[in-house]
Amino acid sequence: MEKLRLAICDAGAHYRKKFAEYITKYKGEEIEVFTFSEEGVFAEKLEEIHFHIVVLGDAFKSWKTVLRERKIPVLLLLDRVESRIAEEIGFEGGGCSEEENDEGICSIDRYQSMDSILHRIYCMTEQECIPELLKRGGKTEYIGVCSPVRHEMQMLFSLVYASELAKEHRVLYLNFLEFSGFYEMCDIEDGLDVGDLILALRSNRIRREQIRDCIYEMGALSYISPFRNSENIHELTVQDFNALLKVIEEEFAFDLVVIDFGSGMKKFSKMLEVCSKIYCLSREGYYYQCQINQFLEYIKATAQAKLREKIKVICLPFDAKRLHGGCNLLEQLNWSEFGDFVRRRI
């Protein structure tokens, strides 16, 4: 597959360097990155190399017209993006104004997460340049994580587990937990979430490009942002859930999907049946064992007999007291004793 050729044109040496380092570290097999601090050097390379997309800092804004004439998509870095009305942040707008999309130019805040910027790069480039991940795939395995005792570390367990698997496999993470804190803890920007995707599936008017717009990346791990309004989780039906998994399996080449299940989902046991294995997180103690016993009785009464064999109860001896913001939370956990604990479960 041809690599996507990305040019980063920005006068800021530190920003330019960090941008290129991120691409090289996490997407080096898919993206070839070129950096430019001088317009003259960029002009010379533009005649030699066909770039699939160009990122322009403020000092290079005058190149918009030239690149538009050459039909090369442009991602324009701004120090601040003015607020947009809610209607523009949907399937039709894709995060840029209609005028910008028509011209192949998208303005984006330079200080948002690199994962969000990378997502926009993939959405703006042509079909043949997107990674193999976004091409029609085959059989996908589903791994579930749940916690009848509502363990506070459930999402963090799943994220570390999924990110470790993503080192060798193509992995998607789905989150159906109530009030998980996902957006703030992972420093995720506004964008499409799983609710937008579910609504489009219900209307039977979804296009493949719209599905692609819902897939974001966190390093090597892909994810769909969870419901912002947790009440919507309780309205998710088994039919919605199965339709979501079907479109993921038919349209993408994920090897594994790791699913965080919340405790209030309708017909929860029927959703668990798609999983090849299920990690059931608990704590040591009589009270917690009573909760697990009741959960297992529920599974026995409402699900296929073989589902019980897929469930592995794990007593997770960790809490979130020492976690803090201001750094990459996933990296913080990966290098901790907690990360070692999770890796031993793979």
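Structure's up top.
Residues numbered from 1 in each chain as written. Predicted model: local features only at pLDDT ≥ 70, side-chain atom pairs only at ≥ 80, totals over all residues. Heavy atoms only, no water.

Draft legend 1. Examining the nonpolar core more closely. Core analysis: the biggest nonpolar cluster contains 79 residues, and Leu174, Phe176, Phe182, Phe261 and Phe338 have the highest contact counts within it. Counting residues in each nonpolar core, the second largest holds 20 residues, with Leu4, Ile23, Ile108 and Tyr122 among its members. (Core = buried A, V, L, I, M, F, W, Y, C linked by side-chain atoms within 4.5 Å. Buried < 20%, exposed > 50% of the residue type's maximum accessible area, 1.4 Å probe, protein only.)

Draft legend 2. Broad picture of the pairing of strand 7 (residues 171–176). Burial of strand 7 is extensive: six of the six residues sit out of reach of the surface. Where burial is concerned, the two faces of strand 7 agree: the one with Val171, Tyr173 and Asn175 and the one with Leu172, Leu174 and Phe176 are both buried. Examined bridge by bridge, strand 7 and strand 9 (residues 221–224) share two bridges and lie parallel to one another. The residue of strand 9 that forms the bridge with Tyr173 is Tyr223. (Helix = DSSP H or I, 4+ residues; strand = E, 2+ residues; numbered from the N terminus. Pairing = 2+ DSSP bridges.)

Draft legend 3. Region of interest: the packing of helix 8 (residues 194–203) against helix 10 (residues 238–251). Close contact between helix 8 and helix 10 brings their axes to 10 Å; oriented N to C, the two are set at 95°. The angle between the axes of helix 8 and helix 10 places the two elements in the roughly perpendicular class. Seen from helix 8, the contacting residues are Val194, Leu197, Ile198, Leu201 and Arg202; seen from helix 10, they are Asp240, Ala243, Leu244 and Val247. (Axes fitted to C-alpha atoms, helices over the stretch in contact; angles between N-to-C directions. Parallel < 35°, antiparallel > 145°, perpendicular 65-115°, else oblique. Contact = heavy atoms within 4.5 Å.)

Draft legend 4. Layout of the pattern of salt bridges. Tallied over the entire structure, the rule returns 13 salt bridges. Of the charged contacts in the structure, one is a salt bridge between Glu47 and Arg70, with a shortest N-O distance of 2.6 Å. A residue pair is termed long-range when its members are at least 10 positions apart, and Glu47 in helix 2 (residues 39–48) and Arg70 in the loop between helix 3 (64–69) and strand 4 (74–78) qualify at 23 residues. A relative accessible area of 37% places Arg70 in the partly exposed class. Residues joined by salt bridges that share partners form a network here, namely Glu164, Lys167, Asp340 and Arg343. (Salt bridge = Lys/Arg side-chain N within 4 Å of Asp/Glu carboxyl O.)

Draft legend 5. The packing of aromatic side chains, seen in detail. If you walk through the whole model with that rule in mind, you get 24 aromatic pairs. Ring geometry for Phe176 versus Phe241: centroids 6.0 Å apart, planes at 65°, classification edge-to-face. Of the two residues, Phe176 sits in strand 7 while Phe241 sits in helix 10, which places them 65 residues apart along the sequence. Residue class for Phe241 comes out buried when judged on its relative accessible area of 0%. Where Tyr216 meets Tyr223, the ring centres are 5.8 Å apart and the plane angle is 25°; that geometry is what we call stacked. Here Tyr216 and Tyr223 have matching classes, each one buried. Ring pairing ties together the aromatic residues Phe34, Phe36, Phe42, Phe51, Phe60 and Trp63, which thus form one cluster. In this structure, Arg110 packs its charged tip against the face of Tyr15, placed 4.7 Å from the ring centre. (Phe/Tyr/Trp six-rings, centres within 6.5 Å; stacked < 30°, edge-to-face > 60°. Lys NZ or Arg CZ within 6 Å of the ring centre and 35° of its normal.)

Draft legend 6. Local environment of the environment of Lys312. Inspection of the secondary structure puts Lys312 in strand 12 (residues 311–315). Residues Lys312 and Tyr279, spaced 33 residues apart in sequence, show a C-alpha to C-alpha distance of 5.1 Å. The residues contacting Lys312, other than those within four sequence positions of it, are Ile278, Tyr279 and Cys280.

Draft legend 7. The arrangement of the packing of helix 1 (residues 13–27) against helix 5 (residues 114–124) in detail. Contact pair helix 1 / helix 5: the axes reach a minimum separation of 11 Å and the direction vectors enclose 70°. Viewed along their axes, helix 1 and helix 5 adopt a mutual orientation that is roughly perpendicular. For the pair helix 1 and helix 5, contact is made by Tyr15, Phe19, Tyr22, Ile23 and Lys27 and by Met114, Asp115, Ile117, Leu118, Ile121 and Tyr122, respectively.

Draft legend 8. Focus on the sheet that holds strand 8 (residues 215–218). Here we have seven strands laid out as an open sheet, ordered 8-9-7-10-6-11-12, and mixed in their pairing. At either end of the open sheet lies a strand with only one pairing partner, and these are strand 8 and strand 12. Averaged over all neighbouring strand pairs, the angle between strand axes comes to 25°, with direction disregarded. As defined by bridge partners, strand 6 (residues 141–146) adjoins strand 11 (residues 277–282) across four bridges and the pair is classed as parallel. Across the sheet, residue Cys146 finds its bridge partner in strand 11, namely Cys280. Lying over the sheet, helix 10 contacts strand 6, strand 7, strand 9 and strand 10 (256–261), oriented at roughly 165° with respect to strand 7. The sheet contacts of helix 12 (residues 286–302) involve strand 6, strand 11 and strand 12, and relative to strand 11 the element is tilted by about 150°.

Draft legend 9. Up close: the sheet that holds strand 3 (residues 53–56). The strand order 2-1-3-4-5 describes an open sheet built from five strands, whose pairing is parallel. At either end of the open sheet lies a strand with only one pairing partner, and these are strand 2 (31–36) and strand 5 (105–109). If you compare each strand with its neighbour and ignore which way they point, the axes differ by 20° on average. Both strand 1 (residues 4–9) and strand 2 contribute to a ladder of six bridges, which runs parallel. Residue pairing in the sheet places Cys9 in a bridge with Phe36 of strand 2. Here helix 2 sits on the sheet in contact with strand 1, strand 2 and strand 3, set at roughly 145° to strand 2. Contacts from helix 5 reach strand 1, strand 2, strand 3, strand 4 and strand 5 within the one sheet, and its direction differs from that of strand 5 by about 175°.

Draft legend 10. Representation of helix 1. Relative to the 21 Å expected for 15 residues at 1.5 Å per residue, helix 1 spans 21 Å between its end C-alpha atoms, a close match to the ideal helical length. The complete set of buried residues in helix 1 reads Tyr15, Arg16, Phe19, Ala20, Tyr22, Ile23 and Lys27. Down the axis of helix 1, the buried set is contained in an arc of 155°. They therefore lie on one face. Facing away from the buried side of helix 1 by over 90 degrees, the exposed positions are His14, Lys17, Thr24 and Lys25. Buried-residue contacts for helix 1 involve strand 1, strand 2, strand 3, strand 4, helix 5 and strand 8. (Expected span 1.5 Å × (residues − 1). Arc of directions from axis to C-beta.)

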